[in-house]
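Residues per chain, in single letters:
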Amino acid sequence: MARLEANHRQKRMASSPPVFRFAPSPNGRLHLGHAYSALINQRLAARFGGELLLRIEDIDLTRCRREFEQGIHKDLAWLGIDFAPQVRRQSQHFYDYRQALDRLDAMGLIYPCFCSRQEVKEAVRRREVETEIPWPRDPDGAPLYPGTCRDRSMVDAQRHCEAGKPHVLRLAMDRALTRLATGSLLYRLFDETGAERDVVVDPARWGDVVLARKDVPTSYHLSVVVDDTLQGVSHVVRGKDLEAATEIHVLLQRLLGLPTPRYHFHRLLIDETGQKLAKSRLSRSLADLRADGVTPEAIRRQLGFT
Ligand code: GLU
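Residues numbered from 1 in each chain as written. Predicted model: local features only at pLDDT ≥ 70, side-chain atom pairs only at ≥ 80, totals over all residues. Heavy atoms only, no water.

A.B. asks: Honestly, the overall build of the chain in this entry has me stumped. Any pointers?
C.D. replies: On a plain count of helices and strands, the chain comes out with 11 helices and 10 strands. Against the 2.2 N^0.38 benchmark of 19 Å for 306 residues, the chain shows a C-alpha radius of gyration of 20 Å, consistent with a compact globule. By the burial criterion, 49% of the 306 residues in the chain qualify as buried. Long-range pairs, those at least 24 residues apart, make up 79% of the contacts in the chain between residues at least 6 apart in sequence. Entry remark: accessible area of the chain is about 15600 Å², with carbon and sulfur atoms responsible for 51%. Charged side chains of the chain number 47 positive and 40 negative; the gap between the two group centres comes to 2 Å. (Helix = DSSP H or I, 4+ residues; strand = E, 2+ residues; numbered from the N terminus. Rg over C-alpha atoms; globule rule 2.2 N^0.38 Å. Buried < 20%, exposed > 50% of the residue type's maximum accessible area, 1.4 Å probe, protein only. Contact = heavy atoms within 4.5 Å. Areas by Shrake-Rupley, 256 points an atom, 1.4 Å probe, with all protein chains shown as cover. Lys, Arg positive; Asp, Glu negative; His and termini not counted. Charge placed at Lys NZ, Arg CZ, Asp CG, Glu CD.)

A.B. asks: When you look at the environment of Val250 in this model, what are you seeing that I'm missing?
C.D. replies: For Val250, the position within the fold is in helix H9 (residues 246–256). Since its relative accessible area comes to 1%, Val250 is described here as buried. Sequence-wise, Val250 and Ser285 are 35 residues apart; in three dimensions their C-alpha atoms are separated by 32 Å. Not counting residues up to four positions away in its chain, the partners in contact with Val250 are Leu185, Leu186, Tyr187, Val201 and Thr260.

A.B. asks: Explain unusual backbone geometry here, please?
C.D. replies: Glycine aside, negative phi is the norm for most residues, and most peptide bonds take the trans geometry. Of note, Glu132 is a non-glycine position whose phi angle comes to about 60 degrees, a positive value. Among the secondary structure elements, Glu132 is positioned in the loop between helix H5 (117–131) and helix H6 (154–162).

A.B. asks: Before we go on, may I ask you to explain the packing of aromatic side chains in this structure?
C.D. replies: Note on aromatic pairs: each is described by the distance of the centres and the angle between the planes. Scanning the entire structure with this criterion turns up 7 aromatic pairs. Seen from their ring centres, Phe48 and Phe190 are 6.0 Å apart, and the 65 degrees between their planes marks the pair as edge-to-face. Of the two residues, Phe48 is situated in the loop between helix H2 (32–47) and strand S2 (51–56) and Phe190 in strand S6 (residues 186–190); the sequence distance between them amounts to 142 residues. Residue classification places Phe190 among the buried residues on the basis of a relative accessible area of 3%. Look at Tyr187 and Tyr263: their rings are 5.2 Å apart centre to centre, the planes differ by 75 degrees, and that puts the pair in the edge-to-face class. Here the residue Tyr187 occupies a position in strand S6, and Tyr263 occupies one in strand S10 (residues 262–266), the gap between them amounting to 76 residues. The exposure class of Tyr263 is buried, given its relative accessible area of 1%. Aromatic rings pair up to connect Phe20, Phe48 and Phe190 into one cluster. A cation sits over an aromatic face here: Arg170 above Tyr145, 3.8 Å from the ring centre. (Phe/Tyr/Trp six-rings, centres within 6.5 Å; stacked < 30°, edge-to-face > 60°. Lys NZ or Arg CZ within 6 Å of the ring centre and 35° of its normal.)

A.B. asks: Would you explain the site of the ligand in this entry?
C.D. replies: Neighbouring residues of the ligand: Arg21, Ala23, Pro24, Ser25, Glu57, Tyr220, Val224, Arg238 and Leu242. For the ligand, whose accessible area on its own is 300 Å², the fraction buried by protein is 77%. Within the shell around the ligand, the residues separate by chemical class into 5 nonpolar, 1 polar and 3 charged. (Near = heavy atom within 4 Å. Nonpolar A, V, L, I, M, F, W, Y, C, P; charged D, E, K, R; others polar.)

A.B. asks: What am I meant to see in the sheet that holds strand S8 (residues 210–212) here?
C.D. replies: Taken in spatial order, the 3 strands line up as S4-S5-S8 in an open sheet, and their pairing is antiparallel. Strand pairing shows two members of the sheet lacking a second neighbour, strand S4 (110–113) and S8, which therefore form its edges. On average, each strand axis in the sheet is tilted by 45 degrees relative to the strand beside it, whichever way the strands run. (Pairing = 2+ DSSP bridges. Axes fitted to C-alpha atoms, helices over the stretch in contact; angles between N-to-C directions.)

A.B. asks: How should helix H3 (residues 66–79) be read in this particular structure?
C.D. replies: Owing to its 3.6 residues per turn, the α-helix aligns residues three or four sequence positions apart on the same side. Between the first and last C-alpha of H3 there are 20 Å, a value that for 14 residues agrees with the 20 Å anticipated at 1.5 Å per step. Close packing links the buried residues of H3 with strand S1 (19–22), H2, S2, strand S3 (88–89), helix H10 (286–291) and helix H11 (296–302). Remark: Gly80 follows H3 within two positions and exhibits a positive phi of approximately 85 degrees. (Expected span 1.5 Å × (residues − 1).)

A.B. asks: Would you take a moment to explain the packing of helix H7 (residues 173–180) against H9 for this structure?
C.D. replies: Packed helices, taken two at a time, are described by their axes: the angle between them and the distance between them. The N-to-C vectors of H7 and H9 enclose an angle of 55 degrees; their axes lie 11 Å apart at closest approach. It follows from the interaxial angle that H7 and H9 lie oblique. Crossing of H7 against H9: the hand is left-handed. Of the residues in H9, those in contact with Met173, Ala176, Leu177, Arg179 and Leu180 of H7 are Leu251, Arg254 and Leu255. Split into classes, the residues belonging to the contact of H7 with H9 amount to 6 nonpolar, no polar and 2 charged. (Parallel < 35°, antiparallel > 145°, perpendicular 65-115°, else oblique. Left-handed = near helix turned anticlockwise from the far one by under 90°.)

A.B. asks: Hey, could you run me through the pairing of S6 in this one?
C.D. replies: Two faces belong to every sheet, and in a regular strand the side chains alternate between them. Of the pairings in the sheet, the one linking S6 to strand S7 (residues 196–200) comprises 5 bridges and is antiparallel in character. Within S7, the position partnered with Tyr187 by the bridge is Val199. Joining the antiparallel neighbours S6 and S7 is a turn of 5 residues, in which Gly194 adopts a positive phi near 100 degrees.

Structural data, given as structure tokens:
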């Protein structure tokens, strides 16, 4: 954690040029949506005189594969996107995420949760039957965690841990917000011309989010916040599908005393059925397009980067 803070101070003092990053997960081949995101990062970094970093978000050790990571490097080089030489691979930095978790733990803001997905679903269903009103959902449409493990005694939680019961670590959202108490939580949103405005966030909408998973000692939210600081990222450019989750990131930055970068959310590409491109729906990969003879110039043109 000391390293996190020192890095932040150093970057602030040096009034360095803007730092952008592209952060794909190697759990499949890149498709046109990734190309669009990488190209817009490249364009904005060039426009604002900044540097562009690559981060490999590979905390999910079961789904991420080396061959996909090699594919990312190949596809980006083919598209003509240059990155600063130091690439951060999240799987090599679990210690950094642990430090951040320890810090939140010392503030009394995280707790172990032993509920399975099925148990959460069942608890929510029971409440809906009892109250006859729909249980609140988070911005992604998932039911808020009903708090079953939040008030478990330390002794009881300890006993479960010692018995080897798998658990996640959740953020106690109410406690976290009470701790901040003063001032609104906000970030600066910028557009492609560089114009900026403040956006006030309401992370309570997410409830007690998971910060460390059962199978992985961290989560997307925690890692992204730690890494953006450690890589000195000043400008985050990513898809609109992550706009709402930014509320959680801003909250974690405030709790951990880390800087909040500026954010820009680009449009998402959709396929002929109107759905956003996704690896899970097997959208055509850049590798397939390349094999079919499509050129990087044609892709740039198609995506509006001429
Ligand atoms: N790894 C995430 C993805 O591939 C992007 C994370 C981010 O830009 O913050 O969707």
